[in-house]
Every structure is written in structure tokens, then in C-alpha cells.
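Reading the structure
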Amino acid sequence: VEDSFLGYALESLDIDGDSLSELIIGAPEQDGVGTVWVVPGAALHALNRDAITGGVLPTPSPESVYHLDELPNTFALSGTVPLGQFGTALATLPHPDEPGGYLAVGVPGAPAGAALVFRFSPEYPQGHIVAEVAGATHQPGGRLGSAFSINYTHPYWTLLVGAEEYDDELGV
């Protein structure tokens, strides 16, 4: 998608329990709000792959050019905040005890910035929001959700959410 910054952030996670990781692609400028594309691992596994020989990439053929919205079962999560840049940062964490996992999506262009956490499972194959972190209202433009770090230490997981312009000098 032209001018969408498709691929600005990339992650992978087996969200449907089929043992194939889905490709998760941030496009923070798409449609003025931002979009996160989820391409099923099964669709990726079925793609035609031209062989790389002698370290040279093959010339793309029409059969090896794919459009996201044409890949089977691909879906998009769309932002709702104008200029919110939904999908600027992504982080994933598999669920430790069941199929699926969590996806954190940054929305740093929201008035104070934000991060949304989606839970994916066989019951929720296209995800549902389980947590939202909003930026400090006294610091508009702080860009919370610009970056993530995520860690799991059984039985707890930790999501660190960055705000690159929180204090105009140092960030957070």
C-alpha cells in the first residue's frame, strides 16, 4: 500500500495454534490511522518460492508477487485515531499454557500516545483487546507506544512501553 510505511514494524506469532507463525506487519500511515496486517502462517507456507542460486535473487515473476489482501485468511486490524500511527511498534508474546498469544500495538500519534494489547486464540482468531495503556495527559505529544520491550517470566509477563518524546529531551 503506497505511502503506508508497510513493514515499519514486523513480528511473528502462532496465533491460531497450527504450529505455523503468522507474519504481523505494521503500516502506521495506512489510511491516515494505521493498520496492522496479519498473514497466516499457512498462507505463507503455501507461497511459491523462487530458488536463490549463487547468492543471486531471482527476477520476480508475476507468480511470485503477492498482494496482502489476496492471501487466504489475511486480515487487518485498523486504527481509529486520525494520525494515530497504529502499528508503529509491535511486540508479541506466546501464551505459556494454551494456543495463541498477545500482540502489543503502539499508537504513538494519539494525543498522548497509547498502546493496545490484543489476545489471540482459537476462540478469538482475529484478536480482541485485553489492555490499553494511555499516555500522560499532562504531556500531549509524548508518543507513548513508540517502542516496546516484552518479557515473560513464568507466571508473569512484562510489557515496557516507550515514549520517545515524553520530556522533550530524554524520552522514557
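Throughout what follows, the structure given in this document is the object of discussion. (Residues numbered from 1 in each chain as written. Predicted model: local features only at pLDDT ≥ 70, side-chain atom pairs only at ≥ 80, totals over all residues. Heavy atoms only, no water.)

**Topic: the packing of aromatic side chains**
Throughout the structure, instances matching the rule amount to 5 aromatic pairs. One aromatic cluster is present, formed by Phe75, Phe86, Phe118 and Phe120 through successive ring pairs. In this structure, Arg119 is placed above the aromatic ring of Tyr102, and the distance from its NZ or CZ to the ring centre is 5.3 Å. (Phe/Tyr/Trp six-rings, centres within 6.5 Å; stacked < 30°, edge-to-face > 60°. Lys NZ or Arg CZ within 6 Å of the ring centre and 35° of its normal.)

**Structural notes on the sheet that holds strand β8 (residues 128-134)**
With antiparallel pairing, 4 strands are arranged side by side in an open sheet as β5-β6-β7-β8. Because the sheet does not close on itself, it has two edges, and the strands there are β5 (90-94) and β8. On average, each strand axis in the sheet is tilted by 15 degrees relative to the strand beside it, whichever way the strands run. (Pairing = 2+ DSSP bridges. Helix = DSSP H or I, 4+ residues; strand = E, 2+ residues; numbered from the N terminus. Axes fitted to C-alpha atoms, helices over the stretch in contact; angles between N-to-C directions.)

**Section: the environment of Phe5**
Looking at where Phe5 falls in the secondary structure, it is placed in the segment before β1 (9-13). Note on Phe5: relative accessible area 52%, which makes it exposed. Spatially, the C-alpha atoms of Phe5 and Gly34 are 9.1 Å apart, while their sequence positions differ by 29 residues. (Buried < 20%, exposed > 50% of the residue type's maximum accessible area, 1.4 Å probe, protein only.)

That's the geometry; what it means functionally is another story.
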